[in-house]
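A structural walkthrough
Listed here are the chains, written in short residue letters.
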Amino acid sequence: MKGRLVVVSGPSGVGKGTVIAEALRRAPDLELATSATTRPRRQEEVDGREYHFLSGPEFERRVEEGAFLEHVSYAGNRYGTLRSEVERRLRAGRDVVLEIEVVGARAIKRQMPEAVLVFIAPPEVADLEARLRGRGTDTEKEIESRLEIARREMEAQAEFDHVIVNDTAERAAAELAALVGPANEDEEHR
Ligand code: 5GP
């Protein structure tokens, strides 16, 4: 049995990370793939946990050796999904979740049409700005850049298999976990 690939996307600041963390607690067979990035590590982040933090040249070397399923430039940094985080787990029958932006989600869907694309949407777009500012981790220039991307990302919702509104993280996480949990059992009984 092959595991399922769940790609979670949505604008920066929508709370994807919190929703996924809660969904992982609810769905024990779901595993999160750790992306690689050239973005500087934030203080609370740990290399290998939130991301594999790579230098520019190291990231480029990995691109050239074909280590990425997809990779993008986003707000001045590079981000990519490592094959090594995904393929072995899927073959072993585990469900894998990716937390990536919209361009990467499209690239995954082109290569793996069976991937389930989930868009996490804010109840109100105005909430995004408040969350990005409240987080206090980004510079003004970076916040502006992330908001501009977010406005464009909101328009991509229609391309996704599911849209989950993050009204509360708990409810949104239950909806996300339900996409993998029970359906898997059904397939086995078919
Ligand atoms: P942040 O800098 O806030 O951690 O991430 C910025 C954006 O990059 C977020 O929308 C996040 O989901 C996205 N991202 C993280 N890892 C990847 C990846 O491997 N590929 C792509 N395409 N986007 C990613």
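These remarks concern the structure in this document. Here the structure is a predicted model, which is why all the values come from computation and not from measurement.

Some details on the sheet that holds strand E4 (residues 51-53)
On the basis of which strands lie adjacent, the open sheet formed by four strands has the order E4-E3-E6-E5 and mixed pairing. Edge positions in the sheet fall to E4 and strand E5 (68-74), since each of these pairs with one other strand and no more. Neighbour to neighbour, the strand axes of the sheet diverge by 25 degrees on average, direction disregarded. Lying over the sheet, helix H2 (residues 56-64) contacts strand E3 (35-37), E5 and strand E6 (77-82), oriented at roughly 40 degrees with respect to E6.

Observations concerning the sheet that holds strand E7 (residues 95-99)
Hydrogen bonds between backbone atoms are what pair the strands of a sheet, whose relative direction is either parallel or antiparallel. If you walk across this open sheet you meet the five strands as E2-E7-E1-E8-E9, and the pairing is parallel. Since the sheet does not close on itself, it has two edges, and those belong to strand E2 (30-32) and strand E9 (162-165), each with one partner. Geometrically, the sheet is characterised by an average inter-axis angle of 25 degrees between neighbouring strands, direction not taken into account. As paired elements, strand E1 (residues 5-9) and E7 share four bridges and run parallel to each other. Opposite Val-7, over in E7, you have Leu-98 as the bridge partner. This element, helix H3 (residues 83-91), spans E1, E2 and E7 of the sheet and lies at about 160 degrees to E7.

Considering the pattern of salt bridges
Tallying each qualifying case throughout the model produces 26 salt bridges. Note that Glu-45 and Arg-39 form a salt bridge whose closest N and O atoms lie 2.9 Å from each other. Overall, the relative accessible area of 5% leaves Arg-39 in the buried class. We note a salt bridge from Glu-175 to Arg-171, for which the minimum N-O separation is 2.8 Å. Taken together, the positions of Glu-175 and Arg-171, both in helix H7 (residues 169-189) and four residues apart, correspond to about one turn of that helix. Here Glu-175 falls in the partly exposed class, since its relative accessible area comes to 32%.

A short note on unusual backbone geometry
Phi at Ala-75 takes a positive value of approximately 45 degrees, unusual for a residue other than glycine. With respect to the secondary-structure elements, Ala-75 resides in the loop between E5 and E6. You can call Ala-75 partly exposed: its relative accessible area is 24%.

Each value, and the rule that gives it
- Residues numbered from 1 in each chain as written.
- Predicted model: local features only at pLDDT ≥ 70, side-chain atom pairs only at ≥ 80, totals over all residues.
- Heavy atoms only, no water.
- Pairing = 2+ DSSP bridges.
- Helix = DSSP H or I, 4+ residues; strand = E, 2+ residues; numbered from the N terminus.
- Axes fitted to C-alpha atoms, helices over the stretch in contact; angles between N-to-C directions.
- Contact = heavy atoms within 4.5 Å.
- Salt bridge = Lys/Arg side-chain N within 4 Å of Asp/Glu carboxyl O.
- Buried < 20%, exposed > 50% of the residue type's maximum accessible area, 1.4 Å probe, protein only.

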